[in-house]
Amino acid sequence: MNEAGRENIISVLRVSEEIPAHDFFHAGWERARGVSLTRYWSGEAAPPGRHAEASLVWSSEALSVRFVCRQEEPLVISDAPQTAEKTQGLWERDVCEIFVAPDRDEPMHYFEFEAAPTGEWIDLEIRYRGAERETDWHYRSGMTAAASVEEGRVLIAMRLPWEAFARKPQAGEIWLTNLFRCVGSGEDRGYLTWRPTRTARPNFHVPRAFGLLRFEE
């Protein structure tokens, strides 16, 4: 893991070719700058066996994110996974997540994307009305997701087309984001994040904790 995950900014470099979600080793990923997920939501250090690194790139068509996760414990996954439609409650099992707010002036309006080691996925649109959180469960982003379980690690990738955000960024533009990993079960369940939310209980829905996502050529 490098030091990028300790900063407030993720610099996302542009790639000339589209990267399918299932192409974990596409040459375009070599341009990505890794972001470390080594701490729990509280800010406490997570054990190395749960660490992950996220890589992000953008193209003319989409934002892509790939998680490389250490896996030294049994997977917590569905016995009957399906990938044809979004899976409600996916966050209750092993999963990687990215939240994206495309308007820096409206951090309380953002999009949530998740994918599991089974390839299951979910996409949601979130808005806060005061202290109340509203979720559009029927939101359709057009995202694609893929996963691969290997010895000692799990690879998870998501491709998020610009239609998901109803806008496309320009080079130099800055959006808001945070990245997460849920792993384990019961009292030992771990909630890792790039930017700790530091809430009393595990909670990823904290826009004030979002970092900056800067699009670069």
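Everything discussed here concerns the structure shown above.
Everything in this summary refers to the structure shown in the same document. (Residues numbered from 1 in each chain as written. Predicted model: local features only at pLDDT ≥ 70, side-chain atom pairs only at ≥ 80, totals over all residues. Heavy atoms only, no water.)

**What about the nonpolar core?**
Inference 1: Among the nonpolar cores identified, the biggest contains 33 residues, and Leu56, Leu63, Phe67, Phe113 and Leu179 are the most heavily contacted of them.
Inference 2: Among all residues touching Phe113, those that are not within four sequence positions of it are Cys96, Glu97, Ile98, Ile122, Asp123, Tyr139, Ser141, Met143, Met158, Leu160, Ala164 and Phe165. (Core = buried A, V, L, I, M, F, W, Y, C linked by side-chain atoms within 4.5 Å. Buried < 20%, exposed > 50% of the residue type's maximum accessible area, 1.4 Å probe, protein only. Contact = heavy atoms within 4.5 Å.)

**Focus on the pairing of strand β7 (residues 109-115)**
Look at any regular strand and the pattern is simple: side chains alternate between the two faces of the sheet.
Inference 1: Counting buried positions along β7 gives seven out of seven residues, so the element sits mostly inside the fold.
Inference 2: Burial along β7 is two-sided: the face carrying His109, Phe111, Phe113 and Ala115 and the face carrying Tyr110, Glu112 and Glu114 are both buried.
Inference 3: In this structure, β7 lies alongside strand β8 (residues 121-129), joined through seven bridges in antiparallel fashion. When the sheet's bridge partners are listed, Glu112 is paired in β8 with Leu124.
Inference 4: In this structure, the hairpin formed by β7 and β8 is closed by a connection of five residues, where Gly119 is found at a positive phi of approximately 90°. (Helix = DSSP H or I, 4+ residues; strand = E, 2+ residues; numbered from the N terminus. Pairing = 2+ DSSP bridges.)

**Some remarks on the side chain of Asp94**
Inference 1: Position of Asp94 among the secondary structure elements: in the loop between β5 (62-70) and β6 (95-101).
Inference 2: Polar side-chain contacts of Asp94 include one of 3.1 Å to the backbone nitrogen of Gly184.
Inference 3: If sequence neighbours within four positions are ignored, Asp94 has contacts with Gln71, Pro74, Leu75, Val76, Ala116, Pro117, Cys182, Val183, Gly184 and Arg189. (Polar contact = N/O pair within 3.5 Å; in protein donor to acceptor, adjacent residues only side chain to side chain.)

**Quick look at the pairing of β5**
Inference 1: The element β5 is extensively covered by neighbouring structure, given that seven of its nine residues are classed as buried.
Inference 2: Two strands pair when backbone bridges link them, and strand β4 (residues 52-58) and β5 are joined in this way by seven bridges, in the antiparallel orientation. When the bridges of β5 are listed, Ser55 appears paired with Arg66.
Inference 3: Hairpin remark: β4 followed by β5, antiparallel, with three residues in the connecting loop.
Inference 4: Bridging between β5 and strand β11 (residues 153-161) involves nine bridges; their strand directions are antiparallel. Among the inter-strand pairings, Val68 is bridged to a residue of β11, identified as Leu155.

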